[in-house]
Amino acid sequence: MSFFNQPFTQKGFLRLPWQSKSFANGIHPEDHKELTERKPIRRMPFSNKIIVPLSQSIGAPAKPIVSKGQDVVRGEPIAEAGGFVSAPVHAPVTGTVAAVDELVSMPNGSKTPAILIDTWPSSDQTVRYLQPRDTSVMSADDLVKAVQDAGVVGLGGAAFPTHVKMKAPKGKTIKTLVANGCECEPYLTCDHRTMLEYTDNLLRGLQLAMVTSGAKKAIIGIEDNKMDAVEKIRQSIVARQLTNITCEAVPTCYPQGAEKMLLKSLLGLEVPAGGIPADIGCAVFNVGTLAQIGELVPQGRGLIERIVTVSGPGVSKPGNYIISLGTPLPFVLEQTGAIDNPGMIILGGPMMGMSIATRDIATTKGITGILVFTPEQLPNSHEPEMPCIGCRACVEACPMLLNPSMLGKLADVNRHQEMMDKFHLMNCFECGCCSNSCPANIPLTQKIRVAKQSIRQKARSAG
Amino acid sequence: MIKQTPLTIRTSPHLKKGLTVPQIMRNVVYALLPVCAWAVWQFGISALAMIIVTTLSCMATEQLFTAISGKKSTLSDYSVVITGILLALTLPPGFPLWMAAVAGFVAVALGKMLFGGLGQNPFNPALVGRAFVQSITTWTPGFLPERFASFIPSSLALPFMSPADSSDWIAGQVDAYSSATPLSLFKFEQVTTSTQDLLLGMVSGSAGETSALLVLLCGGFLIARGIMSWKIPCAVILGALLTATPFWLMNADVYPTPLFVIFSGGLMLAAMFMATDMVGTPLTPAGIWIYGLFIGFLTVIIRLFGGLPEGAMYAVLVANALAPLIDSVTQPRAFGTRLKQQSGEEA
Ligand code: SF4
Ligand code: SF4
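Once a new chain begins, its residue numbering starts again from 1 and follows that chain's sequence as written. Think of it this way: whatever chain is written first is A, whatever ligand is written first is 1, and the rest follow in order. Side-chain atom pairs in this predicted model are given and counted only at pLDDT of 80 or more, local residue features only at pLDDT of at least 70, and totals for whole chains, interfaces and linings cover all residues. Note: side-chain values were computed over all heavy atoms of the structure, leaving out hydrogens and water.

**Structural notes on the overall build of chain B**
Note the following rule: Only DSSP runs of H or I reaching four residues or more are called helices, and only runs of E reaching two or more are called strands; each is numbered from the N terminus. A simple rule labels every residue: compare its accessible area, found with a 1.4 Å probe on the protein chains alone, to the largest value its type can have, and call it buried under 20%, exposed over 50%, or partly exposed in between. Note on definitions: a residue-residue contact is assigned when non-hydrogen atoms from the two residues lie within 4.5 Å. Every accessible area reported is derived by Shrake-Rupley at a probe size of 1.4 Å, with residue values counting cover from the shown protein chains alone.
If you tally the helices and strands in chain B, you get 14 helices and zero strands. Ordered by position in the sequence, the α and β elements of chain B form the string α-α-α-α-α-α-α-α-α-α-α-α-α-α. Out of the 347 residues belonging to chain B, those deemed buried represent 55%. Restricting to contacts in chain B with at least 6 residues of sequence separation, those with at least 24 account for 76%. Surface accessibility of chain B: about 14,100 Å² in total, with carbon and sulfur atoms responsible for 70%.

**Re the environment of Ile78 of chain A**
Turning to its location among the elements, Ile78 of chain A is positioned in strand S5 (residues 77–80). Setting aside chain neighbours within four positions, we find Ile78 of chain A in contact with Val52, Lys63, Pro64, Ile65, Val66, Val72, Val89, His90, Ala91, Ile115 and Ile117 of chain A.

**Quick look at the UniProt feature "transmembrane region" (unreviewed entry) in chain B**
All names here are of chain B. What counts here: UniProt positions are given in the numbering used here, feature names are shortened, and annotations may be inferred rather than shown by experiment.
With numbering aligned to this structure, UniProt lists the feature "transmembrane region" (unreviewed entry) at residues 28–53, 74–91, 198–223, 230–249, 255–276 and 288–306. This span, residues 230–249, is 95% helix and 0% strand, and a straight line between its end C-alpha atoms measures 28 Å. As annotated, residues 288–306 comprises 95% helix and 0% strand, and the C-alpha atoms at either end are separated by 25 Å.

**Describing the interface of chain A and chain B**
Stated formally: Once two parts are joined, some of their accessible surface, as seen by a 1.4 Å probe, is lost; buried area is that loss totalled over both. Any Lys or Arg side-chain nitrogen located within 4 Å of an Asp or Glu carboxyl oxygen qualifies as a salt bridge. Contacts described as polar in this section are N or O atom pairs within 3.5 Å, which, within protein, must combine one atom able to donate a hydrogen with one able to accept it, while residues neighboring in sequence count only if both atoms come from side chains. Residues were grouped as follows: Ala, Val, Leu, Ile, Met, Phe, Trp, Tyr, Cys and Pro as nonpolar; Asp, Glu, Lys and Arg as charged; and all remaining residues, including Gly, as polar.
Residue-level contacts link 78 residues of chain A with 61 residues of chain B. Carbon and sulfur atoms supply 56% of the area buried between chain A and chain B, which totals about 6,200 Å² over both sides. Summed over the shared surface of chain A and chain B, the number is one salt bridge. Lys231 of chain B is paired through a salt bridge with Glu396 of chain A; the nearest N and O atoms lie 3.7 Å apart. Applying the counting rule to chain A against chain B returns 14 residue pairs in polar contact (both at pLDDT 80 or more). Secondary-structure elements contributing two or more residues to the side of chain A that touches chain B are helix H6 (259–267), strand S15 (344–347), strand S16 (354–355), helix H11 (433–437) and helix H12 (444–462) of chain A. Here the residues of the side of chain A that touches chain B sort into 41 nonpolar, 25 polar and 12 charged.

**Some thoughts on the site of ligand 1**
Residues and elements named next belong to chain A. Heads up, the condition is: Here a residue is considered near a molecule or strand provided that any single heavy atom belonging to it is located within 4 Å of it.
Near ligand 1 lie 14 residues; those nearest to it are Cys398, Cys428, Cys431, Gly432 and Cys434. Where the shell around ligand 1 is concerned, the elements lending two or more residues are H11 and H12. When the residues that make up the shell around ligand 1 are grouped by side-chain class, the tally is 11 nonpolar, two polar and one charged.

**Some thoughts on the confidence of the model for chain A**
Just so we agree on the cut-off: The predictor attaches a confidence to each residue, called pLDDT, with possible values from 0 through 100.
Within chain A, residue pLDDT values average 87, and 94% of them lie at 70 or more. Residue range residues 1–19 of chain A is modelled with pLDDT below 50. Its contacts to residues more than four positions away, or to other chains, number 27 contacts.

**As for the site of ligand 2**
Taken together, 14 residues surround ligand 2, and among them Cys388, Cys391, Arg392, Cys394 and Cys438 of chain A come closest. This site is not confined to one chain, since residues near ligand 2 come from chains A and B. Class assignment of the residues belonging to the shell around ligand 2 gives a composition of 11 nonpolar, two polar and one charged.

**Brief notes about the UniProt feature "binding site: [4Fe-4S] cluster 1" (unreviewed entry) in chain A**
The feature "binding site: [4Fe-4S] cluster 1" (unreviewed entry), as annotated in UniProt, sits at Cys388, Cys391, Cys394 and Cys438 of chain A in this numbering. For this annotated set, covering 51 residues, all C-alpha atoms fall within 10.4 Å of each other, a compact arrangement in space. Mapped onto the fold, Cys391 of chain A is located in the loop between strand S17 (369–373) and helix H9 (404–412). Not counting chain neighbours up to four residues away, the residues in contact with Cys391 of chain A comprise Pro439 of chain A together with Met278 of chain B. Here Cys438 of chain A lies in the loop between H11 and H12. With residues up to four places along the chain from it excluded, the contact list for Cys438 of chain A reads Leu444 of chain A together with Lys16 of chain B.

**A few points about the sheet that holds strand S12 (residues 282–286) of chain A**
All names here are of chain A. For the record, the criterion: Here the rule is simple: two strands pair whenever DSSP picks up at least two bridges between them. Helix axes use the C-alpha atoms of the stretch in contact, all axes being lines fitted to C-alpha atoms, and the angles between their N-to-C directions lie in the range 0 to 180 degrees.
Reading across from one edge, S11-S10-S9-S12 is the order of the four strands in this open sheet, with parallel pairing throughout. The open sheet has two edge strands with one neighbour each: strand S11 (245–250) and S12. Recorded for the sheet is a direction-independent mean angle of 25 degrees between the axes of neighbouring strands. Of the strand pairs in this sheet, strand S9 (residues 176–181) and strand S10 (residues 217–223) are connected by six bridges, and their pairing is parallel. Each bridged residue has a counterpart across the sheet, and for Asn180 the counterpart in S10 is Gly221. Sheet strands in contact with helix H5 (residues 227–239) are S10 and S11, and its direction is about 165 degrees off that of S11. Taken strand by strand, helix H7 (residues 287–299) contacts S9, S10 and S12, and its axis lies near 80 degrees from that of S12.

**Remarks on a nonpolar patch on the surface**
Residue and element names in this part refer to chain B. Definition in use: Patch rule: a residue counts if its relative accessible area is over 30% and it has no salt bridge; like charges are joined within 9 Å, and nonpolar side chains (Val, Leu, Ile, Met, Phe, Trp, Tyr) within 5 Å.
Where nonpolar side chains cluster on the molecular surface, the patch consists of Ile45, Leu48, Ile52 and Leu56 and spans about 340 Å² of accessible area. Considering the arrangement of structural elements, one finds Leu56 in helix H2 (residues 45–68). The class of Leu56 is exposed, set by a relative accessible area of 53%.

**Describing the nonpolar core**
Rules: As used in this record, nonpolar core signifies buried Ala, Val, Leu, Ile, Met, Phe, Trp, Tyr and Cys residues forming a set joined through side-chain atoms within 4.5 Å.
Counting residues in each nonpolar core, the largest one holds 93 residues, and the members touching the most others are Ile389 of chain A together with Leu32, Leu89, Phe273, Tyr291, Ile295 and Val316 of chain B. Ranked by residue count, the leading element in this core is helix H1 (residues 21–43) of chain B, at 12 residues. By size, the runner-up hydrophobic cluster in this structure holds 45 residues, among which are Ala179, Leu202, Ile220 and Ile237 of chain A.

**Some words on the packing of aromatic side chains**
Residues and elements named next belong to chain B. Quick reminder of the rule: Centre distance within 6.5 Å is the pairing criterion for rings of Phe, Tyr and Trp, where only the six-membered ring of Trp is used; planes under 30 degrees apart are then read as stacked, over 60 as edge-to-face, and the remainder as tilted.
Applying the stated criterion across every chain yields a total of three aromatic pairs over all chains. Judged by centre distance (5.9 Å) and plane angle (70 degrees), the ring pair of Trp230 and Trp289 falls under edge-to-face. Separated by 59 residues along the polypeptide, Trp230 in the loop between helix H9 (212–224) and helix H10 (231–250) and Trp289 in helix H13 (residues 285–305) bring together distant segments of the chain. Take Trp230: its relative accessible area is 42%, and that puts it in the partly exposed class.

**Comments concerning helix H12 (residues 267–274) of chain B**
Most of H12 of chain B sits out of view: eight of its eight residues are buried. Buried within H12 of chain B we find Leu267, Met268, Leu269, Ala270, Ala271, Met272, Phe273 and Met274 of chain B.

**Describing the UniProt feature "binding site: [4Fe-4S] cluster 2" (unreviewed entry) in chain A**
Residues and elements named next belong to chain A. Those places that UniProt annotates as "binding site: [4Fe-4S] cluster 2" (unreviewed entry) correspond, in this numbering, to Cys398, Cys428, Cys431 and Cys434. The greatest C-alpha distance among the residues just named is 10.5 Å, despite their covering 37 residues of sequence, which places them together in space. As for its placement among the helices and strands, Cys398 is situated in the loop between S17 and H9. Not counting residues up to four positions away in its chain, the partners in contact with Cys398 are Asn25 and Pro404.

**A look at the sheet that holds strand S7 (residues 95–105) of chain A**
Residue and element names in this part refer to chain A. Strand order in the open sheet formed by four strands is S2-S8-S7-S4, with antiparallel pairing between adjacent strands. Because the sheet does not close on itself, it has two edges, and the strands there are strand S2 (49–53) and strand S4 (71–72). Looking at chain direction, S2 and strand S8 (residues 111–119) are connected through five bridges and run antiparallel. Paired with Val52 across the bridge in S8 is Ile115.

**Considering the packing of H1 of chain B against H2 of chain B**
Residues and elements named next belong to chain B. Applicable threshold: Should an angle fall under 35 degrees it is taken as roughly parallel, and over 145 as roughly antiparallel, whereas 65 to 115 is taken as roughly perpendicular and any remaining angle as oblique.
Contact geometry of H1 with H2 gives a least axis separation of 6 Å together with a crossing angle of 140 degrees. In terms of axis orientation, H1 runs oblique to H2. Across the interface between the two elements, Cys36, Ala39, Val40 and Phe43 from H1 touch Ile45, Ser46, Ala47, Leu48 and Ile51 from H2. Here the contact of H1 with H2 is composed, by residue class, of eight nonpolar, one polar and no charged.

Printed below as a string of structure tokens:
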């Protein structure tokens, strides 16, 4: 009987304010991390076709600098940055360019330009395109340039070009760097494994970012369900005598990994509504991103692969894999023993990730996880909508301290302006806590998302 | 190449917490069952008959209204069952059954369906039903202070008025139908009932009002399961204590002890099961505290200074009416909108 299998109390049910510092509200979804968190990172073989999308980051798409028939070496740039807020793209494999065209689907179904490379089957795929350099003598500007040349973007899923954040914006100073190792999304463990297995790279990358931003201290924030990573990093910090870097455990609570929440937990500061972390003198980097910077910048090579969590009930070999960018999704599914007819595939985590309509895509820099569900075991988000019973579950879940119930009701009658003026519509960052906790199955997050889009559209057509 | 079958697409978040509205409501029903059982034990078959009559009447009314408006039946969300049971628990056990049925009809028709059904009702439907019969039936002895002192003529409940266990011990302990309620005793005769009796329910009163301890335990069960927030019951009780204590300190002869106040009458039932009815409560974190404290405060004021011995019911109704107002004046401060903006100097 369903009556008995609900948890009596959830983790954190009686967490008192003075027992731990954290942001207000949030939720505790079942995390399912046991599927992958103890498995060492493995490298996935190279697919014989690699399709590298040119638009892998927020900002302008990269411009191709290779043409059909040209041979490329693994690590070589094949597309240059299309602007300051953009990142170049490098060849993930040694092979021959077979096409530069609209090749792969975006997760929403539209086609996007990409470079198709036929992998040389006989190549051992060593990276030969390297420019080793001594980072200790490089200036801050050189380092920022090196990060941009390496094509590094935020690997936590946002895919914002990292070099843009590495210098303090004009008129602002960065005092504290925060490395975000929370990984609060269920299923995902790629950052966890990165922190355990690439600790040195992570600390090196963090130090480089401290040089470029001028930050005097850095904090690595990790959710307390990953105490092994906290221990490991603390030991490394002591061993390397890094007095200006600390590692702190923060309570396990979704969305602890949202940068505004993490800053609140670590520093007790709120980023002003509509503002960025630099407004309170901070910059936040994902630990995976920092680990890549720590490896790529001294070696002088580009970002050609990333660690992806492949998990869910639909794969027989869940784990964290180093996957070359541009690896077609069907190849990934085959390698991880995914069932033939999955019911649902989510890119990213189940709270904020996107379910995709087609398998005709390739991995990009922003894909943190690939979750495969069987048709029988779809994530439990689909039940008929009922009237709001005013239970306040959504209000008590919203980390931005909004009133999602009210926002949902106003969205139903298209009072978007009122939602914005009176109920802080634009503060919502679509974390999904409200929808998750609503017993009436009201798709609050979706309603809010639509309202935000319509407000933006109106602003655009007016301006 | 794998054969392509359509993939399911949904919007994020893809995970849901397990609870659904029918589950919540069903759990409330479970939590009310022990209270019902106690009422039946204490007042006999007539209490059982009344619980059945009001519940059926409420369910039939809801079914009737959904059928008329051509909607799908909403009985399966269990909320109307709660209304029926709560209504029975607020009525005196000797209440005529046909009037209980009318109360059930009014509760659901006026209190709920007229406003659009589940989620739309500003007032707790059970209390609407109870207030309605109380206001139109002043001629019935069912609500008189001495309503337990004598049999009620022409009551359909009459044939059932015998205790479940008529042994002498029970008859001696459970004196329910031969005495006035502790609240009216106190109000009209300045007689206090021992807190222990109030806790255990060895007193007379409306069917569900008698064992404060049982109500407390049943509410605690819901709180422990994460189905109900502890804040509103706490706020109501706190409000009552804070209001009653000064009076008691000023003149202990005239005013009852704070413990008597919170354990007597329908206060506990109101705090646990009426005030917490989610639909009519404010949504904001500060709002529910104001709402709860206000109910506690108003209950005590009505009891001490109003014409009625019992005040919890009206207090909840008044607070329900104020909920939208409380909501609008207690909008939470959204994250990052502190009045004094933090400057870049910090961190
Ligand atoms: S999706 Fe928006 S409204 Fe809902 S909980 Fe998250 S921030 Fe709050
Ligand atoms: S969680 Fe759902 S039912 Fe509860 S108040 Fe929010 S919108 Fe209404």
